[in-house]
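Here's the letter readout for the chains.
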Amino acid sequence: MKEFLITSWLFKEGQAESHDPSTDSIEPSVWYHCQRDAEGLKEWLAGNRVSNAVIDSLLADDTRPRFEQYSEDCFLIILRGINFNQGAEPDDMLSLRILWYKGAIISTRKVPSRAVTSLISQLEAGQGPQTLQELLLGMINRINGNISDFLVPVEEVLDELSLDSEIELKSLNSVHTRLLRLRRYLKPQKYVLQDLLESHPSCLSKQQNDLKNCLDMLMRINESVEFYIEQIAVYLMNLNQQQAEKMNRNTYLFSVIAGVFLPAGFFTGLLGVNIAGMPGTDNPIAFTLFCVALAAIVAVEIVVLKKLRFI
């Protein structure tokens, strides 16, 4: 068994069986699932006359989702799926590369993908896809299904979202950021399936309707992500507007209060000057008269401000 080969399955006569390659040649009707960063993979592909352009795309460290057709019986699909591995961020989407080459499928990954491991588990249990075409569709469907499952709790949170709900703003911003990162890969992923459909590869001539269903599901996921992003943006905008209005009201209230007490402050400051000649210093009721005068001034100001509709 080659070091880079994770698993290999032969699809023949409507059934799949575990396959231990006896030669270094790529055999038709065989699925080779490989560790992308393992030694020997590049040399094995080159030894089977896979072009350098295909090898570079198949083994590149960071690639966006895309579809490339090199010949009638050779095309490459690069997809992104939810990363459910322990310690990883789900929105840090892992890459799965699938090469259809002369009747065989060669898939590569750097970290395990739940979409692929679930298919392998089914095959080991004697279930799952029975042809390479069904295997390819199974990978696409499971990637879409995992993304859809990831969005379920997000949808539940947003369904309960309202301006009166008590939700942690930091948590909501985290969801928003995750959705934006998810959209980064989901949009081009939609074009991958569209290009695959439009290329009409002969090996998938009987699976056109199934591919359309995969595309429809991915388009619904894209629409849901766009809706969630817009919903969060509207909520945050309304929340910011509420806070701004509250701050404006408080600022206005403080301004009115300061304006009301401005004359009183002026008079108390004026009469508090400690110099000779201040009126009322010898009158025992001068302080009382001064307080009554200040109260009257404040009352008159309040009446005037009410008539002017400032308060």
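An unreviewed UniProt entry annotates the chain as Magnesium transporter originating from Vibrio nereis. Entered under Sequence similarities (unreviewed entry) in the UniProt record, the comment concerning the chain runs "Belongs to the CorA metal ion transporter (MIT) (TC 1.A.35) family." According to its UniProt record, the chain has this under Subcellular location (unreviewed entry): "Cell membrane".

Asks: Is there a simple way to explain the UniProt feature "transmembrane region" (unreviewed entry) in the chain in this structure?
Replies: UniProt records the feature "transmembrane region" (unreviewed entry) at residues 252-273 and 285-305, using the numbering of this structure. Structurally, residues 285-305 is divided into 95% helix and 0% strand, and its ends, taken at the C-alpha atoms, are 31 Å apart.

Asks: Would you explain the packing of helix H3 (residues 114-124) against helix H4 (residues 132-159) in this entry?
Replies: When two helices pack together, their arrangement is given by the angle between the helix axes and by the axis-to-axis distance. Direction vectors running N to C along H3 and H4 enclose 130 degrees, while the axes themselves pass 8 Å from each other. Of the possible angle classes, the one that applies to H3 and H4 is oblique. Where H3 crosses over H4, the handedness of that crossing is right-handed. Where H3 abuts H4, its residues Arg114, Ala115, Ser118, Leu119 and Gln122 lie against Leu135, Gly138, Met139, Arg142, Ile143 and Asn146. Taken together, the residues of the contact of H3 with H4 break down into five nonpolar, four polar and two charged.

Asks: Quick question: what am I supposed to make of the packing of aromatic side chains here?
Replies: Each aromatic ring pair is described using two quantities: the centre-to-centre distance and the angle formed by the ring planes. Per the counting criterion, the structure on display carries five aromatic pairs. Relative to Trp44, the ring of Phe4 has its centre 5.3 Å away and its plane inclined at 40 degrees; by these criteria the two rings are tilted. In this pair, Phe4 is assigned in the segment before strand E1 (5-12) and Trp44 in helix H1 (residues 41-47), connecting sequence segments 40 residues apart. Here the aromatic cluster, defined as three or more aromatic residues joined through ring pairs, consists of Phe4, Tyr32 and Trp44. When the ring centre of Phe84 is taken as origin, the NZ or CZ atom of Arg114, which lies over that ring, is 3.9 Å away.

Asks: So what exactly am I meant to see when it comes to the pattern of salt bridges here?
Replies: A side chain with one charge can pair with a side chain of the opposite charge if their charged atoms come near. Counting across every chain of the model gives three salt bridges. Residue Arg66 is joined to Glu68 by a salt bridge in which the shortest nitrogen-to-oxygen separation is 2.5 Å. Arg66 sits in the partly exposed class, given a relative accessible area of 27%. Of the charged contacts in the structure, one is a salt bridge between Lys187 and Glu226, with a shortest N-O distance of 3.6 Å. Of this pair, Lys187 sits in helix H5 (residues 169-199) while Glu226 sits in helix H6 (residues 208-271); the two residues are 39 residues apart in sequence, bridging distant segments of the chain. Taken together, the salt bridges that share partners define one network made up of Arg183, Lys187 and Glu226.

Asks: Help me out: how do you make sense of H5 in this one?
Replies: Helix length check: H5, at 31 residues, gives a terminal C-alpha distance of 46 Å against a target of 45 Å (1.5 Å per residue), a fit within 8%. At Arg183, H5 shows its maximal bend, which comes to roughly 30 degrees. Once H5 finishes, His200 follows within two positions and takes phi at roughly 50 degrees, a positive value.

Asks: Would you mind showing me how to read the domain arrangement of the chain here?
Replies: For the chain, the domain assignment lists domain 1 (5-242) and domain 2 (245-308). For domain 1 and domain 2, the distance between their C-alpha centroids amounts to 73 Å.

Asks: For this particular structure, what's the right way to read empty space enclosed by the protein?
Replies: Empty space among the atoms can be located by rolling a probe the size of a water molecule over them. Counting across every chain of the model gives one cavity of 30 Å³ or more. One number sums up the size of the largest cavity: a volume of about 30 Å³. Forming the boundary of the largest cavity are Gly81, Ile82, Ser113, Arg114, Ala115, Arg142, Ile143 and Asn146. Of all the secondary structure elements, the ones that give two or more residues to the lining of the largest cavity are H3 and H4. For the lining of the largest cavity, the element with the most residues is H4, which contributes three residues.

Asks: Sorry if this is basic, but what is going on with H3 here?
Replies: One turn of an α-helix holds 3.6 residues; hence residues three or four places apart share an orientation. Of the positions making up H3, those classed as buried are Ala115, Val116, Leu119, Ile120 and Leu123. Along the long axis of H3, the arc covered by the buried residues comes to 130 degrees, so they all point the same way. Buried residues along H3 sit in contact with E1, strand E2 (15-18), strand E3 (30-35), strand E6 (94-101) and H4. Just beyond H3, the residue with positive phi is Gly126, at close to 80 degrees.

Asks: What am I meant to see in the packing of H4 against H5 here?
Replies: Running from N to C, H4 and H5 point in directions that differ by 150 degrees, and their axes come no closer than 12 Å. Considering their axes alone, H4 and H5 lie roughly antiparallel with respect to each other. Crossing angle aside, the handedness with which H4 passes H5 is left-handed. Of H5, the residues touching H4 (which contributes Ile140, Ile143, Ile147, Phe150, Leu151, Val154 and Leu158) are Leu172, Val175, Arg178, Leu179, Leu182, Leu186, Gln189 and Leu193. Grouping the constituent residues of the contact of H4 with H5 by class yields 13 nonpolar, one polar and one charged.

About the thresholds
Residues numbered from 1 in each chain as written. Predicted model: local features only at pLDDT ≥ 70, side-chain atom pairs only at ≥ 80, totals over all residues. Heavy atoms only, no water. UniProt positions renumbered as here; feature names shortened; annotations may be inferred. Helix = DSSP H or I, 4+ residues; strand = E, 2+ residues; numbered from the N terminus. Axes fitted to C-alpha atoms, helices over the stretch in contact; angles between N-to-C directions. Parallel < 35°, antiparallel > 145°, perpendicular 65-115°, else oblique. Left-handed = near helix turned anticlockwise from the far one by under 90°. Contact = heavy atoms within 4.5 Å. Nonpolar A, V, L, I, M, F, W, Y, C, P; charged D, E, K, R; others polar. Phe/Tyr/Trp six-rings, centres within 6.5 Å; stacked < 30°, edge-to-face > 60°. Lys NZ or Arg CZ within 6 Å of the ring centre and 35° of its normal. Salt bridge = Lys/Arg side-chain N within 4 Å of Asp/Glu carboxyl O. Buried < 20%, exposed > 50% of the residue type's maximum accessible area, 1.4 Å probe, protein only. Expected span 1.5 Å × (residues − 1). Bend = angle between axes of the 7 residues up to and from the residue. Domains from an automatic or database assignment. 1 Å grid on protein atoms, 1.4 Å probe; cavity = no way out; pocket = protein on both sides within 12 Å on 5 of 7 lines; lining within 4 Å. Points joined across faces, edges and corners; volume = space filled by probe spheres on them. Arc of directions from axis to C-beta.

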